[in-house]
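Reading the structure
Single-letter residue listing:
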Amino acid sequence: MVAAHTTNAESFSKDGFIVVRGLLPPEEVALYVGRLKALAGGAPRWTLPDGVNRHPEFWPVIFNERLLAAVREVLGPEVRYLPHNDLHVGFSSFSWHRDSVSREFGDGPDWDETQEPYRIVRVGIYLQRFADSQFRLGLVPGSHRPGDSTPRQRRARQRTGA
């Protein structure tokens, strides 16, 4: 039996994320990588808070039609851009975390969706190839739901008694 096609909205609801491969054409990726390297000034690790807003050459990413179509498919037609963004070179998070306002498991209003669904998404665009960086982005399907269980969620439930 062949599985039915899953939409981005269904995947997002189930997993808490979607992956849009090949979002940017190679020449655009090369342009942004070159600009990031120039801004980093050769530093192997570099971060610029609010970098997309501060550098107009990155603004086309905000209005990328494929990106907007994917976000609208997940959230609906009325999406808004929140100007919280950073530019990174050689940066990696130290551990699993939830990209939301309240990152502690079950703590904060964005974990309680009984009255209204949490409708803020974070978009990450990774420009490096694995062959070049040996970096793999780790995503934990279902970790956006309090009832699901990752090792960190289990530890948090044990601490809070939830």
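Data block above holds the structure.
Below: a short report on this structure. (Residues numbered from 1 in each chain as written. Predicted model: local features only at pLDDT ≥ 70, side-chain atom pairs only at ≥ 80, totals over all residues. Heavy atoms only, no water.)

**Some remarks on the packing of aromatic side chains**
In this description, a pair of aromatic rings is defined by centroid distance and the angle of the planes. Using the criterion set out here, one finds 1 aromatic pair in the structure. Aromatic side chains tyrosine 32 and phenylalanine 58 sit 5.4 Å apart centroid to centroid with 20° between the ring planes, which places their arrangement in the stacked category. Placement of tyrosine 32 in helix H2 (residues 26-40) and of phenylalanine 58 in the loop between helix H3 (51-54) and helix H4 (59-62) is noted, with a sequence separation of 26 residues between them. Considered together, tyrosine 32 and phenylalanine 58 belong to a single accessibility category, that of buried residues. (Phe/Tyr/Trp six-rings, centres within 6.5 Å; stacked < 30°, edge-to-face > 60°. Helix = DSSP H or I, 4+ residues; strand = E, 2+ residues; numbered from the N terminus. Buried < 20%, exposed > 50% of the residue type's maximum accessible area, 1.4 Å probe, protein only.)

**As for the packing of helix H1 (residues 8-15) against helix H5 (residues 65-75)**
Closest axis-to-axis distance for the H1/H5 pair is 8 Å, and the angle between their directions is 65°. Seen along the crossing, H1 lies across H5 with a hand that is right-handed. Taken together, the residues of H5 that come into contact with H1 (itself represented by Asn8, Ala9 and Phe12) are Ala70, Glu73 and Val74. Its residues assigned to classes, the contact of H1 with H5 shows 4 nonpolar, 1 polar and 1 charged. (Axes fitted to C-alpha atoms, helices over the stretch in contact; angles between N-to-C directions. Left-handed = near helix turned anticlockwise from the far one by under 90°. Contact = heavy atoms within 4.5 Å. Nonpolar A, V, L, I, M, F, W, Y, C, P; charged D, E, K, R; others polar.)

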